[in-house]
Amino acid sequence: MFRRCLITGAAGGIGRAIVSRLAQEGFAITAADLKPAQAESALDGVPGEGHRAIALDVSDEAAVKAAFADDAVDCVVAAAGILLFAPSGDRPALTDISLSDWELTQRINSTGTFLLLREYLRAATRSPVDDGRFVGFSSVAAQLGGYRSSAAYIASKGAVTSLIKAGAREAAALGITVNAVAPGLIDAPMLRQSLSPENDAAVSAAIPLGRIGTPADVAGSVAFLLGRDAGYITGSVIDVNGGYRMQ
Ligand SMILES: NC(=O)c1ccc[n+]([C@@H]2O[C@H](COP(=O)([O-])OP(=O)(O)OC[C@H]3O[C@@H](n4cnc5c(N)ncnc54)[C@H](O)[C@@H]3O)[C@@H](O)[C@H]2O)c1
């Protein structure tokens, strides 16, 4: 019998790589995104069976509840996220961030992760899962204060880091681990909002492993956290950053 994994942000650069990798690992994928047609396309050609795409706004409480009511979910990867830039296309200074942009960012990045974790744990309380796994998405920006993002984004990802620890403590009794990955600079659409390819070499020089990361690098770490070998890891944030930031 397959294990079902709900992946949010499945239409994104990193989400697609996670869909592909976890399908190869034998999971049945529920590919969830605000953009269901793109989530559907993320499933094109992936191996395995039982995959489906759904429209899901992670900031919509009723929709997140429904996602768990409709489906038996064994594992969750909460990769959906936003980074809002100024209309000029520039990284906004803290003094220029509107309250509505601040609130939208918290609502999707941190409240969305909370809703997914809450509903997953509620569902697992009703109907226990074996070797349950929840993987959230933080960011190196939350650890360093960020150079390319915004204060709203950085704060939202800091909240994910703390939520993961609180969730890990409470989920342990259900046999569920709760962790996060903290990607560094990853060649995916969010990074390309602030970095054009001609600057890759200069940026790579500041990364000990000498290159920008790939979505597949992140997907590999997520696959590890979902696997049996990671069964004794909980409350952790795994850095996937090429050494850009070391603890
Ligand atoms: N790319 C990077 O360098 C980088 C670095 C650190 C962390 N991250 C994090 O990794 C994750 C994926 O990033 P990415 O680069 O693939 O971004 P992306 O913009 O390519 O993908 C994000 C996806 O989330 C979806 N989404 C946005 N709001 C949503 C909502 N309310 N409900 C459901 N889906 C929603 C979007 O439609 C999109 O498909 C994000 O959480 C991001 O913060 C990325």
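Summary of the structure given here. Owing to the predicted nature of the structure, the values given are computational and were not obtained by experimental measurement. (Residues numbered from 1 in each chain as written. Predicted model: local features only at pLDDT ≥ 70, side-chain atom pairs only at ≥ 80, totals over all residues.)

We now examine the overall build of the protein chain. Each helix and strand counted, the protein chain has nine helices and seven strands in total. The 247 residues of the protein chain split such that 46% are buried. Considering only residue pairs separated by 6 or more positions, the protein chain has 72% of its internal contacts joining residues 24 or more positions apart. (Helix = DSSP H or I, 4+ residues; strand = E, 2+ residues; numbered from the N terminus. Buried ≥ 20, exposed ≤ 12 C-beta atoms within 10 Å, placed from the backbone. Contact = placed C-beta atoms within 7 Å.)

Before going further, it helps to examine the site of the ligand. In the vicinity of the ligand there are 29 residues, among which Gly-9, Gly-12, Gly-81, Ala-188 and Met-190 approach most closely. If you list the elements that add at least two residues to the shell around the ligand, you get α1 (13-24), α4 (99-126) and α7 (189-192). Split into classes, the residues belonging to the shell around the ligand amount to 17 nonpolar, nine polar and three charged. (Near = placed C-beta within 6 Å. Nonpolar A, V, L, I, M, F, W, Y, C, P; charged D, E, K, R; others polar.)

Now for the environment of Arg-228. Turning to its location among the elements, Arg-228 is positioned in the loop between α9 (215-226) and β7 (237-240). C-beta crowding within 10 Å serves as the criterion here: with 7 such atoms nearby, Arg-228 is assigned to the exposed category. Separated by 222 residues in the primary sequence, Arg-228 and Leu-6 have C-alpha atoms spaced 18 Å apart.

Turning to helix α3 (residues 61-69), a few remarks are in order. Residues of α3 that are buried include every one of Val-64, Ala-67 and Phe-68, and no others. With its buried residues spanning 90° around the axis, α3 presents them on a single face. Away from the buried face of α3 by more than 90 degrees, exposed residues Ala-62 and Ala-69 are located. Where the residues of α3 are buried, they touch β1 (4-8), β2 (28-33), β3 (52-55) and α4. (Arc of directions from axis to C-beta.)

Before going further, it helps to spend a moment on the packing of α1 against α9. Contact geometry for α1 and α9: axes closest at 8 Å, N-to-C directions at 50°. The angle between the axes of α1 and α9 places the two elements in the oblique class. The two elements α1 and α9 meet at a crossing, and its hand is right-handed. Contacts from Gly-13, Ile-14, Arg-16, Ala-17, Ile-18, Arg-21 and Leu-22 of α1 reach α9 at Pro-215, Ala-216, Val-218, Ala-219, Gly-220, Val-222, Ala-223 and Leu-226. (Axes fitted to C-alpha atoms, helices over the stretch in contact; angles between N-to-C directions. Parallel < 35°, antiparallel > 145°, perpendicular 65-115°, else oblique. Left-handed = near helix turned anticlockwise from the far one by under 90°.)

Further remarks concern the sheet that holds β1. The parallel open sheet is built from seven strands, whose spatial order is β3-β2-β1-β4-β5-β6-β7. Edge strands, defined here as strands with exactly one partner in the open sheet, are β3 and β7. On average, each strand axis in the sheet is tilted by 20° relative to the strand beside it, whichever way the strands run. In this sheet, β7 lies alongside strand β6 (residues 176-183) in parallel orientation, the contact comprising four bridges. Of the residues in β7, the one forming a bridge with Val-181 is Ile-238. (Pairing = 2+ DSSP bridges.)

Helix α6 (residues 151-171) packs onto α4 with a crossing angle of 15° between their chain directions and a minimal axis gap of 9 Å. Classified by the angle between their axes, α4 and α6 sit roughly parallel to one another. Viewed along their axes, α4 and α6 form a crossing whose handedness is right-handed. Side by side, α4 and α6 meet where Asp-101, Trp-102, Thr-105, Gln-106, Asn-109, Ser-110, Thr-113, Phe-114, Leu-117 and Leu-121 of the first sit next to Ala-152, Tyr-153, Ser-156, Lys-157, Ala-159, Val-160, Leu-163, Gly-167 and Ala-171 of the second.

If you check α4, its first and last C-alpha atoms are 38 Å apart, about what 28 residues at 1.5 Å a residue would give, namely 40 Å. At Thr-111, α4 is deflected by roughly 35°, the largest bend along its length. (Expected span 1.5 Å × (residues − 1). Bend = angle between axes of the 7 residues up to and from the residue.)

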